[in-house]
Structure formats: C-alpha cells, structure tokens
Amino acid sequence: MSAIHLQNLVKKFGDFTALKTMDLAIADGEFMALLGPSGCGKSTTMNMIAGMEEPTSGKILFGQRDMEGVPMGRRGVGFVFQNYAIFTHMTVRQNLAYGPRMRGAAKAEIDRRVGAIAEMLQLTPLLDRKADRLSVNILQRVAIGRSAIMEPAIFLLDEPLSNVDAAFRAVMRTELKQLQRQFKQTMVYVTHDQLEAMTMADRIAVMDHGVLQQVGTPLEVYNNPANVFVARFIGSPGMNLLKGKPAESDRGLVVDLGPLGATPPLPVEIAAAVRGAQGDVLYGFRPEQAALVKRGQGLSLPVTFVERIGARTIVHLGQGETAVKAVFDNDVGLAIGQTAIVAPAEASVRVFDAATGLALRTG
Amino acid sequence: MSAVTATISEDVMKTVQAKPALRDEGAKLGFRLTLPAQILVLFIAVFPLLMQLYISLTDWSPLSGTGWWNAWSMWNNFANYTDLAVDARFWSALKRTAIVMIVCVPVEFLLGLALATLFADEFPGKRIFYSILLMPMMVVPAVAGYMFFMLFQSGGPVNDLLSAISGMPVTIAWLSDPTLALIAVMVADIWQWTPLMFLILLAGLVGVPEDQIKAATLLGANPWQRFVTIVLPKMKTIIIIALAIRVIENFKIFDTLYIMTGGGPGVATETISVYIYKLTTQDLIWGYVAAIALAILIVLSIAAVFAMKRMARAREVLA
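Just so we're clear, the structure is a prediction, and the values are computed from it rather than from any experiment.

The rules we used
- Residues numbered from 1 in each chain as written.
- Chains lettered and ligands numbered in written order.
- Predicted model: local features only at pLDDT ≥ 70, side-chain atom pairs only at ≥ 80, totals over all residues.
- Pairing = 2+ DSSP bridges.
- Helix = DSSP H or I, 4+ residues; strand = E, 2+ residues; numbered from the N terminus.
- Axes fitted to C-alpha atoms, helices over the stretch in contact; angles between N-to-C directions.
- Contact = placed C-beta atoms within 7 Å.
- Nonpolar A, V, L, I, M, F, W, Y, C, P; charged D, E, K, R; others polar.
- Core = buried A, V, L, I, M, F, W, Y, C linked by C-beta atoms within 7 Å.
- Buried ≥ 20, exposed ≤ 12 C-beta atoms within 10 Å, placed from the backbone.
- UniProt positions renumbered as here; feature names shortened; annotations may be inferred.
- Domains from an automatic or database assignment.
- Parallel < 35°, antiparallel > 145°, perpendicular 65-115°, else oblique.
- Left-handed = near helix turned anticlockwise from the far one by under 90°.

**Things to note about the sheet that holds strand β6 (residues 77-80) of chain A**
Residue and element names in this part refer to chain A.
- On the basis of which strands lie adjacent, the open sheet formed by 6 strands has the order β6-β7-β8-β3-β9-β10 and mixed pairing. Each of the sheet's edge strands pairs with one partner strand only, and the pair in question is β6 and β10 (211-216). When strand polarity is set aside, the average angle formed by the axes of neighbouring strands in this sheet is 15 degrees.
- In the sheet, strand β9 (residues 203-208) pairs with β10 via 5 bridges, with the strands oriented antiparallel. Within the sheet, the bridge partner assigned to M207 lies in β10 and is L212.

And the structure:
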C-alpha cells in the first residue's frame, strides 16, 4: 500500500527539462536514497512525489493509486525539509499536535498521540519548550515526529543533514536510520552526500542531469557502477579511469594505455565483453584497490602529490589523461617526484566503453 | 536619543567585562565620538521640550510684549493643566481623534492585509496594479484634501455617482453635516493611507518562510488555517510596527482634514491637531497650547513604550 512507482515521469520548467523520463519502483518499507549532484533532478522528483509540483507527464502511483490531482495535504506523505521548517513560533508540543489539530481531532486524542510520539522520539521533557531554541538533532526529531504523528505511509526527507556540521552528521545518520527501523515506513531520502546514501539507504538511485543513472544497493552501486558518471561520483576519491585500446597479448586481453603501456590482463568475464566492443575503452579501478607491485607488473607513474587524510594516505600519480589516485596505509614510503608502480586487484577492474560511458561486462 | 545611549552603555559593559583597565578609555572615546550627535539631540529635542514645559507653566503669549524667556513673570501655578482637565472642547476633540483612529486604522489594516495577501501571489497586470495602488501615498496630503473637498461637494462626483446608481438626484451636503463630514474625512484618510499599510504588510507577508507554509499544507492545513496559524503569527512584529506607525500618524491627522472641513461644521470634525492649530493661530494662548501638546506627548509616549515592549517581546518570540 505504500510502495511508490514512478512511471515515465517528466518535469519541464519552461524550456528546461529538470527530469527526463524517470522510471523507478520503490518497495514498501524501503529506504531509497536519491543521490546526485545539485541540479540532477532529485529534489524535483521528491517534490513531485510530495505533490508540491505537478509532473509535466508520466505517473506517480502509491501502491495502485494514481496520485494525479491529489493535493499535497491529502497524499499521506510525511516531509522533512532541508531546514526542518519547524514552526518556530510554537512549542514542541504545538508542532507535534499541528497535523491532528488541523484535521480537527479531539483534544484528548491529540494529547494521547502527541504523548506517544514524544515518548518514542524522547521528546517528552522538551514538549513545552519553544521550538526556536532547540539543537539541530532535536529539530530533526521534532520534524520527523510532526510528520510521523499523521502516520504517513511514505516519508520524504530532503537533504536533512546538509546544514549540520560534519561531526554531528554521523550521530544524526545513526539516529535517522534507527528511527526508520522503528517506523518501518517507506522512506525516500534526497542527498548529494554519498556517505549518507551509502550508510543509510537500502537502495540508491543515482541521478545526473535529470537522468536516472543506476539503481542498486550501496555495494552494487559502489562495486559495479553502470556507467562512467556513477564510477566517478561514487567513492571518495572516485574511480580511476584511463583511456586505452583493447589489445590481445600472450597473457590474455589487456588494455593498451599508450604511453603507460599495457595493463595487467583483464578478468575473464570482463574480457569477453570488451572483445565485443568497438573503439576506445576506459580502464577503471578503485583507488582503494590499487597496490604497489614490482616493475613490469603494473603501471609506472610519477608521484605528483601526497595527501594525508588521517586514517589513510591518498597518493596522486601522473597528470591529465593519466592521472591516477591510490589510497595506501599511512606508512607508504612515497614522496613527490618518486616513481610508483601500481596495479589494481584483478577482481576490482571495471571497463567502460569510452564512447557511450557504459560498463562493459557480461551477465 | 535613548537608542544612542543604550548602544554606548552596552559597549561600555563589554569593555568592562573584557579588560577593566580599558574601561575609562573606552567610555571617554565613546563620549567624544558621540558628542556632536548628543549636542545636536540636545538642541533639536531636549531644548524645545524644556522650553515648552517652561511656557506651559505660564500665561505667556506672543502678544505679551515680552520675550518667552521672561515668561516666568506670568507664572500661573499649573493653571493651564487644571484648565485642560475641564476643557470640554479639548476632551471632545480628543474623543473625536480617538474615534477617527479606531475606525481608520483597523479599516486600513484589514484592507491592506487583504490587498497584501492578493499581491503575494502572481496574477496578470500585477505590476501595473501595484503602481496604481501606491499612488495615493505619494499624493501631498493637502492636495488629497482638495481632491476630497471637491469630490464631496453637494454637486460633486460622489453625489453624481450615487444619483446614477439610485436613479434619483442625490444632493447630500457631505461636508456640512456633522456625521457625514467626519465620515468623508475618514474616507480620505483611508484612501490615502491604506497603501502604506499594504506596503508594510506585503513586506511582512513575503518574509514568511515558504517551507513552513508548505509544511503546514502537507500536514493538512487548509488556506485559512495556514493563514491563522502560520502567516499571522509570523507577521506579528511587522503588524505591530504597521499599526504603531498608523496609530501615531493618525493621531496627528490634520492637513487633509483641515482643508476639507476646517474642523467644521462647528467643531464636528475638530481633532486635537486642528484644535491646537486654532488655539495657536487664532487665540494665541501659547502657554495653554504648550500644556496640551505636552499632555498629548506624554500620552503618546506611554502608548509608544507599550508598543515597543510588545514589539520586543514579539521579536524575541520570532527570532
């Protein structure tokens, strides 16, 4: 009853197409993250689900029910705004009671529901506090509680953590995920922060320029990006991509990277797909999957920069077309100007068609 | 002046907390920097006020043949104030002023709010209507007075319009009937000052956070509920400011009214300002005028302090 189906959804603002033909099925009780850079259409998608904006064409179904023409107050969606949109001129209690009060619920009924939701969200001691002087995690709970009290089948969250400082974000992420387990509602979570999407979502829908790029579990999206955009966008830093031509060698199919020489042989299942491809390909691997190897077994590149991020060290190799990043332990003995020979773990290699940007892989 | 003083003392307080040794230095610097402004304030506010207080305690008049600084020779032991307490014409003028205010300000407020609500949304020709709507505010009040003086003549356009509507000749003597004259004056005031109310309230309305309105909508509030529970509370400060401005301005209503009716017929439209004007220019009893003016200043100040306190509290709530 609370699954969401987006069918051929299109949204245009004048000449600008914010969303190009989006198809997405979100299961009942699923936590789906819409992830993408700003302007990718993720917020537009969410606003259409909420009913704040009308689709130019296409359908939105909640379960079997077509939402066309259903006003936003009647859709049964809870919406948590980026800045929470707490009614600052009211107390926490008045905020929580707002929905039932507007629907004309009886006073005793309102008190009971507010009490229950406040208990669940540990807001009971704060009920009579003015909502304008609360810390941001309390605001988040009030915002969720204010929507949850209406028992919506669907929860929409619009970048709720983007105004929170980094240290606190981890706390809020955990809290949010726990709340979702409690409420068991379908949640759609819009974010540009891959860490939030990876840590909280059951599945991630990666979007760019109004086009849905890939839908999958966090690990699927991370391990098997469907195209070059997802490969670069997911991961920090993103996937290394080197342009080259497929070439046969006595050890199997390799990618000839021109001045960098040939790569180690491609894994069998990828090689089969690459053989069928036309033209140039992009040889990809995750910076975390690179290892230092002996001369002749990997790509030989000069170290251009060493970036220490605390737990690990990111080593920048090469420049321009041949730029590669590799993540090593902090004790890696590399300095600027030295030459490093790196090779990816075989299983982590991904190859993309340079012309279409799509992943080359069988099955 | 009080704002200036408050700022200085706050800064001094900070200095005290931060570095006690610098306290005197900071205070001295603050005093020196604000000295020109303080002297200016002394001349434009404090001096006239004291002069007025002085004259209000005497029978001095410009016809006394002596300078105002010699007014002490006509000292009358608060007689002006005791006269004021029993001056029926003063009290009826005060009452009339209050009536005009009680009618005009709410009407201007409600019209302004309705227009502001209308203009918060987009509609074709909005910019043109907006400009037209603001025009009355730009008209010099004296000109507006002449305009309405003409409109309300017994052979004037207002009666012509009423004749056209009713189908029989209407010749109401608007400005010579005590009640109708007051109504005509109030119509002019509402015509001229609703735009200001509209402008201030529109600014307030546009400032209401859109997210909160959307949130209320998503929680099932209908437009009226949203207006009452979100929009109005958020506009509280600006509403109080708008009302305070109009109450104070309306209390001083003079030019339009004086040109339309001269306070007449008889004293039927005589407000405080008109009464003071007549006493000043016709009766020339300046000691008494000074007493009235001071009494009103005190009343208005109390009202202003009250309004300011409300405002400060509202701002605290909304911050």
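**Describing the interface of chain B and chain A**
- With 17 residues of chain B in contact, the opposing surface of chain A contributes 18 residues.
- Counting only elements with at least two residues in the side of chain B that touches chain A, the list comes to α9 (210-218), α10 (223-234) and α14 (286-318) of chain B.
- For the side of chain B that touches chain A, the element with the most residues is α9 of chain B, which contributes 6 residues.
- Of the residues contributing to the side of chain B that touches chain A, the split by class is 10 nonpolar, 4 polar and 3 charged.

**Thoughts on the nonpolar core**
- One finds M32, A33, L156, Y189 and V351 of chain A to be the most contacted residues of the largest nonpolar core, which totals 105 residues.
- With sequence-adjacent residues up to four places away left out, V351 of chain A is seen in contact with L266, I270, V274, V281, L282, Y283, G284 and L360 of chain A.
- Grouped together as the second largest cluster of nonpolar side chains are 34 residues, A144, F148, A184 and A188 of chain B included.

**Some remarks on the UniProt feature "domain: ABC transporter" (unreviewed entry) in chain A**
- The UniProt feature table records "domain: ABC transporter" (unreviewed entry) at residues 4-234 of chain A.
- Taken end to end, residues 4-234 of chain A is 36% helix and 26% strand, and its first and last C-alpha atoms sit 25 Å apart.

**Some details on helix α13 (residues 272-283) of chain B**
- Among the residues of α13 of chain B, those classed as buried are I272, V274, Y275 and I276 of chain B.
- A positive backbone phi angle near 60 degrees is found at L284 of chain B, which sits one or two residues after α13 of chain B.

**Looking at the UniProt feature "domain: ABC transmembrane type-1" (unreviewed entry) in chain B**
- Here, UniProt's "domain: ABC transmembrane type-1" (unreviewed entry) annotation points to residues 94-307 of chain B.
- Secondary structure content for residues 94-307 of chain B is 79% helix and 0% strand, and the end C-alpha separation is 20 Å.

**Digging into the domain arrangement of chain A**
- Assigned domains within chain A: domain 1 (4-86 + 134-223) and domain 2 (235-360).
- Taken over C-alpha atoms, the centre of domain 1 of chain A sits 35 Å from the centre of domain 2 of chain A.

**Looking at the packing of helix α4 (residues 88-120) of chain B against helix α8 (residues 178-206) of chain B**
All names here are of chain B.
- Direction vectors running N to C along α4 and α8 enclose 45 degrees, while the axes themselves pass 7 Å from each other. Considering the angle they form, α4 stands oblique to α8. Crossing geometry of α4 relative to α8 is assigned as right-handed.
- When its residues are assigned to classes, the contact of α4 with α8 shows 20 nonpolar, 3 polar and 2 charged.

**Description of the sheet that holds strand β18 (residues 339-344) of chain A**
All names here are of chain A.
- If you walk across this open sheet you meet the 5 strands as β14-β18-β15-β16-β17, and the pairing is antiparallel. What marks the edges here is a single partner per strand, and that holds for β14 (290-292) and β17 (324-328). If you compare each strand with its neighbour and ignore which way they point, the axes differ by 50 degrees on average.
- Bridge count for β14 against β18 is 3 bridges, and the pairing is antiparallel. The residue bridging A291 from the neighbouring strand is A343, located in β18.

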